[in-house]
Every structure is written in structure tokens, then in C-alpha cells.
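As a plain string of letters, each chain reads:
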Amino acid sequence: MGSFTSYSLIDAMAGLLALLGLAVPLAIHLWNRRPGRMVQVGSVRWLAAAANRRLRNLRLEQVWLLLLRAAVVLLLALAVAQPLWVRSLPQQPVRGHVLLSPEVLRPEVLPALRPSVDSLRRRGFALRLFASGFQAISAQAWASPDSLAKLSAAPGATALAAGAPSVSGSATLPDDYWARAQQATDSFPNQPLRVVSGAARKYFTGPRPALPARLTWQAVPLPDSVVWLAEAAVAKPGTLRLLVGRSAEDATTFRVVQQALPRAATSLTVGGLPELHYQPAQAGHSATIEQPNRARVPVAANPLRVVLYADASHIESARYVRAALEAAALGLAQRLEITSGSSATAFAEATPPNWLFWLSDKPAPTGWRAQTQRGAQLWQEATGAGTKVETELDLTGLAIPSVAISRLDTTAKASATKLVVWQDGTGRPVLTHQSSGTGGLYQLTTRLQPTWSGLPDSPALPELFLELLRPAAPPDTYASSNDLRQVDTRQLSAPVSLVSGTHSATPQQPADLNAPLTEDRLLASTDLRPWAVLAALVLFAVERWLATRRTSVSS
């Protein structure tokens, strides 16, 4: 058994409107009368009576010709409605699951994706959303782009799937696909899984878990690049410094634009960006710059303040930290101020620091830790002698050579409250961040010394610091919606073993595996538009032949 359906409500309404065209052949048929015969009459007084009888005698003639013309219009209206013939296929048991991430359910991605997914459906695979709860995608929803668009925008899918930041400017973390894949293997045991998602780095923020061979990953290309206003600051009196970012699959770059500081609300023109609007500072609020469809960018009036302390065993790290910060400052909108501190440093209330670097084997003083409650970021590196290792820092998205790590502090314990910012090739954390008040604590498990790692001599260090120093990208939004860099797709194909110190998310309760047997029964659909157009052309040819033949006979 089969049934007819349409792609969407808009297409169905367009088809109904097209049916109004049936009035055209009817009107033509009524007024395009057959030519009358020439009759010899002896007086013109008979002509008026004959004309009146003809007007009163409007009746249908050549009904088959009228029906052919109406059928042509009807078939064209049917083609406009984009009909589908949907039929049920013999019921099959669910042999596996195709997990579709929200960002691949967009209209510009689906046409290239449908053939491979439909092939898996015919083999007995059920469709589910690769998000919290693994919601089932019914056959009716899969056939409707409107339903898929609602699924991709549903709460809990991922707020950043389409690359749109929060209007209020608050950070919303995208889904961690590593943890989600682990949950999928726990929820659907002993069943083949196919994950279809983008390969953007922002979706792979946590440690990579051990994935079984029955889970395969298909990466889908997404938008090529995005350009946005990243930062704004007053570089010097009367000068506005803007930082414009551009992210693509291979790297994220920034350029600096300087303009005169406006004194009143006005529009700003920056190459590559839509029109910006500058709003000066008001009582209790700093100056801001508005950009279309994005959060407001505050204009920083103060420099970026950094306090640096190092004892004798970490003095070498301090030199590299200072040099890397000064190099990274070239890509910042704010000016950089670095001052030396001590364990007894008193921090002024009026000018709180933005960053604190405590490079010592001793614990950070209470006064330093208290600054994190006011928004400061406290940086500490490994203490003790560390453990000798042979690994490399994962620099996916940075177009620079790999960086070797020769020593790590393996005594550092993993925690669910810590965000892994840098990791090595095996998933071991190299830099973690833990929120504290409005600030946070950074812990580097190695040192910025040549005997510990290759970071001091690598051009990666200023770029890595630059990602952390930007006010628009704090660590809790490290996977920024503007970051389109891609992970190495080889990470998505080869299973790896778990390493000590990593953790995966708590498995969810197994999903109801019987639901797809009734809700996601396999349906096959055939597009009827080509057949409708072909039938309309055939009937139009027959109609032309009959009309020509009729004219010849009349002549």
C-alpha cells in the first residue's frame, strides 16, 4: 500500500493555488467558438435573431479537448506541489542506529547526505538525534525538511550547532561529541552505530574515550569560513583598536584595525564586516559595539594587567612566559601591562589584575587565590621533578610543527569540574582549567622549560596564549561558536584505549530499543514530479494534435 504526500505545507499550498489555472482552459473553450457556416440570406433582419440565439446557446463542445487541457493544468499543479509516493516496505528488525548531529540537519547539508542515510535505512538502521536523549527521528520527520529544522533547533540539541551565539552574550557550551559517543555505545549495546556530524574542533573538547569498532564516524563538510568582530579597546587616547577574526577549516586568524575613537553614537565601517554601530559609555555601562546577529562587543578602556612571580627553580619558565605574552599581545585589542609580584603582593581594589602567573613549587598564597573570585585567572605549572614521557601536544587547527612533551606531572588528578584545554596525542591533559568565582585556576602539568617540553622554542606558544588571553574567549567558551577549525578525521576512525587520568561522562540509562520497530518503520518514497511533467507534455502534444485537426476539418 502507498500514499501520496508533499515535501512541505508551502509546496502543498502552492499546488492548490496552481489549480486555479483550471479556469483558463474552461474560459478559452467557452469563448473560442467553432467558426459558423456562411449562410446566404435575403435580408439582414435575420442576422440579429441568429446572433441572439448563438449567445443564448453557450454550451460545451469538444468536451474531450477541454478535458485534455484541464488535465495538462492539473498535472503541472501537481508538479508544483512536489508530490511523493510513500509506501511501506516489509517490516525489518532494527539492525543498528544512525545518529545525526543537529548541525547536519540543515537544508544546505541534507541533499548530499540523504542518499547514504537512505541506504542505511533500507538495510534496517533506525535514525536518531545525536544529542541528549537520542530522540528517534521518524520516517515522516526524515521526509520533511521543516520537521528536521525543528529537531535541530530543539532545546538540548545544541545551542551552537548553527553557529549562532547567545543574544545576551552569555556562553553556552556546545555538546562534547566524545562523551556523547561514549553514551551512545552504552545506550545501544551490541548494535552497529553510525555517527554523522561535523568535524569542527569546538564539538570535540573533552578527552577521547575508547570507542568500539562497531561505532563508525562520518564527517560532513560544513560552512567554509566565518568573519566576526572579536574585540574592541581604546589603544591610546583618541584611538579605537578593533580585532577582526576569521576562522576556516585549517586555522583561525586575526587582523587589527585602528580608527578614530567616536565621541557619539555612530556607525563604523570595517572591511569584510557588516555595518557596525558604536554606542558610547553611559552611566554604569562601558562603551559597546553592536554587530548584526551577534552579541555586543564591549570596548575595553583599561589595559590587560598581568602579575608574574617565579622562584629560583622556575625563573627560566618566567622568561619564556614573559616573551610569549609580549608576542601574543600583538594580536590583542588591549594594551598589555606586565608587573613582577611576590608572595606578599597587595592588589589594589581599583586596578585588579586580569592574570596571575605563580611559578613556584610552593602553593599559591591565599591573597593570590582570592583574586580569582574577582575575575582573575591564576596560572600554575608543574611542581617537583615530573615523570619522563614521550608524547606530543595536540595542536589540531594550528598550522605549525608538532611540539614534543618530555616530562609531565602525572600526580595531577582528573576532576569532573576541570576543563581540559590542552591535551597530548593520547588524551592526557596538559593544561586544565577550573572555575573559581568569576575567574579560574589554570594548571599546567608540564613546564615552559626546554628540559620539560618543546613549547618554549615553538611558535605555537604565543598563539596558544593568545587564545587564552582574549576577553571574548574565556576558557569556559574555549570551543567558541566562531571556531571552524577541524579535528584530524583520523581521530574519528581509529579506536584507542583509555589512558589513566581521563574520564568519560556517566552513561545514560539504555534507551528504549523497541520504539523504532513501530515508530520508525521503513518507508520508501518516490518523487512524482518528473512523471507529472512528462505526462503533462504528452497530453499537451495530444491536445495540439486534436486542436490542429479540428481547425483543418473546420476549414
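Note: the structure precedes this text.
Since we're looking at a predicted model, the values are computed, not measured.

A few points about the pairing of strand 7 (residues 225-236)
Of the pairings in the sheet, the one linking strand 7 to strand 8 (residues 239-248) comprises ten bridges and is antiparallel in character. Residue pairing across strands places Val226 opposite Ser247, the latter belonging to strand 8. Between strand 7 and strand 8, which follow one another and run antiparallel, lie two residues, and Gly238 among them has a positive phi close to 85°.

Comments concerning the pattern of salt bridges
This model, assessed by the stated rule, comprises five salt bridges. One salt bridge in this structure joins Asp361 and Arg447, with 3.4 Å as the shortest N-O distance. Here the residue Asp361 occupies a position in the loop between strand 16 (355-359) and helix 10 (366-370), and Arg447 occupies one in the loop between strand 22 (439-444) and helix 11 (460-469), the gap between them amounting to 86 residues. Under the relative-accessibility criterion, Arg447 is labelled buried at 6%. We note a salt bridge from Asp424 to Arg428, for which the minimum N-O separation is 3.0 Å. For Asp424, a relative accessible area of 2% corresponds to the buried category.

Thoughts on the nonpolar core
What tends to happen in soluble globular proteins is that the nonpolar side chains get buried as a cluster. Formed by 36 residues in total, the largest nonpolar core has its most connected members in Trp355, Phe357, Trp379, Leu393, Trp422 and Phe465. Sorting elements by how many residues they give to this core places helix 11 first, with seven residues. Among the nonpolar cores identified, the runner-up in size contains 21 residues, and Leu113, Phe125, Leu129 and Ile137 belong to it.

What to know about the packing of helix 9 (residues 315-328) against helix 11
Contact geometry of helix 9 with helix 11 gives a least axis separation of 8 Å together with a crossing angle of 70°. In terms of their interaxial angle, helix 9 and helix 11 are classed as roughly perpendicular. When you trace helix 9 past helix 11, the crossing you get is right-handed. Counted together, Tyr320, Ala324, Leu325, Ala327 and Ala328 of helix 9 and Leu461, Pro462, Phe465, Leu466 and Leu469 of helix 11 form the full contact between these two elements. For the contact of helix 9 with helix 11, a count of residues per class yields ten nonpolar, no polar and no charged.

Cut-offs and rules
Residues numbered from 1 in each chain as written. Predicted model: local features only at pLDDT ≥ 70, side-chain atom pairs only at ≥ 80, totals over all residues. Heavy atoms only, no water. Pairing = 2+ DSSP bridges. Helix = DSSP H or I, 4+ residues; strand = E, 2+ residues; numbered from the N terminus. Salt bridge = Lys/Arg side-chain N within 4 Å of Asp/Glu carboxyl O. Buried < 20%, exposed > 50% of the residue type's maximum accessible area, 1.4 Å probe, protein only. Core = buried A, V, L, I, M, F, W, Y, C linked by side-chain atoms within 4.5 Å. Axes fitted to C-alpha atoms, helices over the stretch in contact; angles between N-to-C directions. Parallel < 35°, antiparallel > 145°, perpendicular 65-115°, else oblique. Left-handed = near helix turned anticlockwise from the far one by under 90°. Contact = heavy atoms within 4.5 Å. Nonpolar A, V, L, I, M, F, W, Y, C, P; charged D, E, K, R; others polar.

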